[in-house]
Amino acid sequence: RAACGGTWTELQRAVAEGPAATVDRLFAGGDEPAAFYAEARSTIAALLGLGGSNDLPAWWLYVMLRSPHPLLERMTLFWHGHFATSAAKVTDRGLMLAQNELFRTHALGNFRTLLKAEARDPAMLLWLDSAVNRKAKPNENFAREVMELFSLGVGSYTERDIRETARAFTGWEVQHQRFWVNAAQHDGGLKTVLGERGPFDGDGVIDVLLRQPAAARFLVRKLYRFFVADEFPESSTPAGIEALLEPLAVELRESDYDVGRVVGMILRSNWFFSEQAIARRIKSPVEFAVGLVRSLEGHVDHYALADDLNALGQRVFYPPNVKGWNGGREWINSYTLMGRMNLVAAMTGGSDGRYGDKLGLDRTPAAADCRDEPALVDRLTTLLCAVAPPPEVSEALRRAAFAQPGESQSRRRGRLLQALAAQPEFQLA
């Protein structure tokens, strides 16, 4: 979950070294991440000049698949859903790229710093109409979302708090694609927000928000859903859920919103390795596809993959609304499940040739030392499924691994992977 899939070699190393060393390595990143990201930035800079609408999604999928620091990309994806901003409205792709880089810079850093940076981010200012927030007529869009979606959650503020917060952000504009404070349009008067009174500007209001106990609880609840489970245990009471999350909230507050410390606390916890966490998350389309390709160490056409993920409900840089993707059970229905199976079929040598058979199981290192096809079934199940399918399903998959008359090994193995992708256990993390 911290890396959106892992290769067979990575998993074997993790088992040998144990969770603590593995988490430390995930936080450190792999070989020469700085060089990788410098090259990636150079690539997208060249692509932006060509004007293709799918360049940004395809580029980010490439980065997710090839980055030596996969935890950094996972957290960049988390912040993209948290501060959901869409290129459908913010049509300047350079601004959308800059926001993506902002998420990556602060992905495992300080949430206070990131929230203040987002309040100045030109893409966000345009997305939530804060760029037209004027002293005489404050625009409340950003003020509402900074409380409801970014820091506190529903029920932790009043309509008056929204109005007063909107005043604090007046005059924060975009000029020549850059953040700029228009002093003539800023309301420097006293405001009362969540019981505190002062001549707050945007930074001052954010500090007020993060002093609320609800802020840390709100963020750790979202991190829990992203890393641990879509839902809390059915037996949990509201008080029990709060008791579960409170140590994380305390850590977040006492570290002054150091997100990396809390993520590390989650990944190192006994709870993370318990039955309450294993196979408790439904993979998003991005997690499904990126995890599959990374695990098999294959290659894909990133533009084709961006199109297919859009059909499955997750086009990066284009979240559906200000809330982002709901996730969880909403990822799966009869249409999207069939779409996932079709995507695997296409990537493993589909007849339309969109992916050019770059993900063939003949070449994956995971299959290199499998003595026969049933052993390959067991290997792929261990590699790609959160838990093993029921025994009767595993046995059926082993039988299906044998060739049909006239069938090539490549086609047989592709059919095997498609059958495995149809299983519920394949959709879970």
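This structure is a prediction, so every number in the text was calculated from the model and none was measured.

1. Structural notes on the packing of helix α15 (residues 285–296) against helix α17 (residues 334–347)
Phase 1: The contact between α15 and α17 brings their axes to 12 Å, and the two run at 30 degrees. Judged by the angle between their axes, α15 and α17 are roughly parallel. Where α15 crosses over α17, the handedness of that crossing is right-handed. Facing Pro285, Phe288, Ala289, Leu292 and Val293 of α15, the residues of α17 in contact are Arg340, Leu343, Val344 and Met347.

2. Some details on the side chain of Arg281
Phase 1: Within the fold, Arg281 resides in the loop between α14 (259–268) and α15.
Phase 2: By relative accessible area, Arg281 is classed as buried at 6%.
Phase 3: Here the side chain of Arg281 touches Phe226 through a polar contact of 3.0 Å, landing on its backbone oxygen.

3. So, unusual backbone geometry
Phase 1: Here Tyr257, not a glycine, exhibits a phi torsion of approximately 70 degrees, which is positive.
Phase 2: Positionally, Tyr257 belongs in the loop between α13 (238–254) and α14.
Phase 3: Although it is not a glycine, Ala279 adopts a positive phi angle of roughly 60 degrees.
Phase 4: Positionally, Ala279 belongs in the loop between α14 and α15.

4. Examining the side chain of Gln427
Phase 1: Of note, Gln427 is situated in the segment after α20 (409–421).
Phase 2: The exposure class of Gln427 is buried, given its relative accessible area of 5%.
Phase 3: A polar contact is formed between the side chain of Gln427 and the backbone oxygen of Gln423, at a distance of 3.2 Å.

5. Considerations on the pairing of strand β2 (residues 178–181)
Phase 1: With four bridges joining them, strand β1 (residues 172–175) and β2 adopt antiparallel strand pairing. Following the sheet pairing, Glu173 is matched in β2 by Trp180.
Phase 2: Hairpin connection from β1 to β2: two residues lie between these consecutive antiparallel strands, with His176 at a positive phi of about 55 degrees.

Rules used throughout
- Residues numbered from 1 in each chain as written.
- Predicted model: local features only at pLDDT ≥ 70, side-chain atom pairs only at ≥ 80, totals over all residues.
- Heavy atoms only, no water.
- Axes fitted to C-alpha atoms, helices over the stretch in contact; angles between N-to-C directions.
- Helix = DSSP H or I, 4+ residues; strand = E, 2+ residues; numbered from the N terminus.
- Parallel < 35°, antiparallel > 145°, perpendicular 65-115°, else oblique.
- Left-handed = near helix turned anticlockwise from the far one by under 90°.
- Contact = heavy atoms within 4.5 Å.
- Buried < 20%, exposed > 50% of the residue type's maximum accessible area, 1.4 Å probe, protein only.
- Polar contact = N/O pair within 3.5 Å; in protein donor to acceptor, adjacent residues only side chain to side chain.
- Pairing = 2+ DSSP bridges.

So, to be careful, I would describe these as geometric facts and stop short of saying anything about function.
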